[in-house]
Amino acid sequence: MQKKGVALFSRSLLSGVLIGIGVVINLISDNKYIGAMLFSFALLTIIQNKLPLYTGRIGFLRESKIKDLLQILVFNLIGAPLPALMAASCREGLYDKVVSVSQTKFSYSFWQLFLLGALCGVLMLVAVYTKKEVVTVFCIMIFILSGFEHCIADFPFLAFNPSAANFVKFICIVLGNSVGAVAAYELMGTEQKGQQSEQKGRQSEQKG
């Protein structure tokens, strides 16, 4: 059990760090389209290595333990700000840019951030559910270019610009990601379950 806990911590922490690196890449890129595309390396790596990421797991709520999901979220959040903090100490102007983006991001209302989070949750579920690299890249680019909100990717901005109001707004993003992902899974999973049932029925008929 202890080994499992350590593995969950280390792998979830790594997922957060990878997302944090994606945030830095997107921030320092002169071309927003290239920055959005390069960000996708994080989720591609996470999916390829089956690393635990809250926004990639929460959609599969029925198949997961709440305790594990909460631990994944916490460890993801610990890892996410580290690349931005490290890079900001080395690259002039990056700190000010993160704060500026944070101020814009958290200027939205609670309800708006929830909705933007829900849309991002749908995209994250689709990216993980389909397991196709090209779909993953498009999902990441769409969520960034559309201004949708991803709780792990947003946490560095909260870390650089903390306040009670921003924290509550961040929780709205977490809830939005969760609701969007779960809803997308239910909509997509229903059809797949139906197809699986049909296949089983056909196999039974053939055996009969």
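For every chain, the first residue of its written sequence is number 1, and the numbers climb from 1 along that sequence. The predicted origin of the model limits local features to residues at a pLDDT of at least 70 and limits the giving and counting of side-chain atom pairs to 80 or more, whereas totals for whole chains, interfaces and linings rest on all residues. Side-chain figures throughout are based on the complete set of non-hydrogen atoms in the structure, without hydrogens or water.

## A short note on the overall build of the chain
The condition is simple: Helix and strand labels come from DSSP, where a helix needs a run of H or I of at least four residues and a strand needs a run of E of at least two; each type is numbered from the N terminus. The classification of residues rests on relative accessible area computed with a 1.4 Å probe and restricted to protein chains. Under 20% of the type maximum is buried, over 50% is exposed, and intermediate values are partly exposed. Contact definition: two residues touch when any of their heavy atoms are within 4.5 Å. Here the Shrake-Rupley method, with its probe set to 1.4 Å, supplies the accessible areas, and only the displayed protein chains count as covering residues.
Within the chain, the regular secondary structure consists of 10 helices and zero strands. Residues classed as buried in the chain amount to 45% of the 208 residues present. A fraction of 76% describes how many contacts in the chain between residues 6 or more apart in sequence connect residues 24 or more apart. By element, 63% of the accessible surface of the chain is carried by carbon and sulfur atoms, the whole surface being about 11400 Å².

## Some points on the packing of aromatic side chains
Just so we agree on the cut-off: A pair of aromatic rings is counted whenever rings of Phe, Tyr or Trp (Trp by its six-membered ring) have centres within 6.5 Å, and the orientation is called stacked for planes under 30 degrees apart, edge-to-face for over 60 and tilted otherwise.
In total, this model carries seven aromatic pairs according to the counting rule given. Ring centres 5.2 Å apart and planes at 45° place the aromatic pair Tyr95 and Phe160 in the tilted group. Placement of Tyr95 in helix α6 (residues 94-105) and of Phe160 in helix α9 (residues 151-160) is noted, with a sequence separation of 65 residues between them. A relative accessible area of 45% places Tyr95 in the partly exposed class. What makes Phe160 buried here is its relative accessible area of 7%. Taken together, a centroid distance of 5.4 Å and an interplanar angle of 55° make the contact between Phe155 and Phe170 tilted.

## Topic: the environment of Pro81
With respect to the element layout, Pro81 can be found in helix α5 (residues 81-88). Classification of Pro81 as buried rests on a relative accessible area of 7%. The spacing of Pro81 and Val17 is 64 residues in sequence and 7.4 Å in space, taken between C-alpha atoms. If near-sequence neighbours (up to four positions away) are discounted, Pro81 is found in contact with Phe155, Pro156 and Ala159.

## A look at the packing of α5 against α9
The criterion, for reference: Between the N-to-C directions of two axes lies an angle of 0 to 180 degrees, each axis being a line fitted to C-alpha atoms and, for a helix, fitted only over the stretch in contact. The labels follow the angle: roughly parallel below 35 degrees, roughly antiparallel above 145, roughly perpendicular from 65 to 115, and oblique for the rest. Here is the rule for handedness: rotate from the far helix to the near one, and if that takes an anticlockwise turn smaller than a right angle the crossing is left-handed, while a clockwise turn gives right-handed. Polarity classes work like this: nonpolar for Ala, Val, Leu, Ile, Met, Phe, Trp, Tyr, Cys and Pro, charged for Asp, Glu, Lys and Arg, and polar for all others, with Gly in that last group.
The contact between α5 and α9 brings their axes to 8 Å, and the two run at 50°. Comparing the axis directions of α5 and α9 gives the class oblique. Both α5 and α9 take part in a crossing whose hand is right-handed. Residues Pro81, Ala84, Leu85 and Ala88 of α5 form the contact with α9, whose participating residues are Phe155, Pro156, Ala159 and Phe160. The residue inventory of the contact of α5 with α9, partitioned by class, reads eight nonpolar, no polar and no charged.

## As for the side chain of Thr136
Note that Thr136 resides in helix α8 (residues 133-145). Those residues in contact with Thr136, other than ones at most four positions away along the chain, are Leu43, Leu44, Ile47 and Ala127.

## Focus on unusual backbone geometry
For Lys50, which is not glycine, the phi dihedral falls at a positive 55°. Its place among the elements puts Lys50 in the loop between α2 (32-48) and α3 (54-57). The phi angle at Lys131 is positive, at roughly 60°, despite the residue not being glycine.

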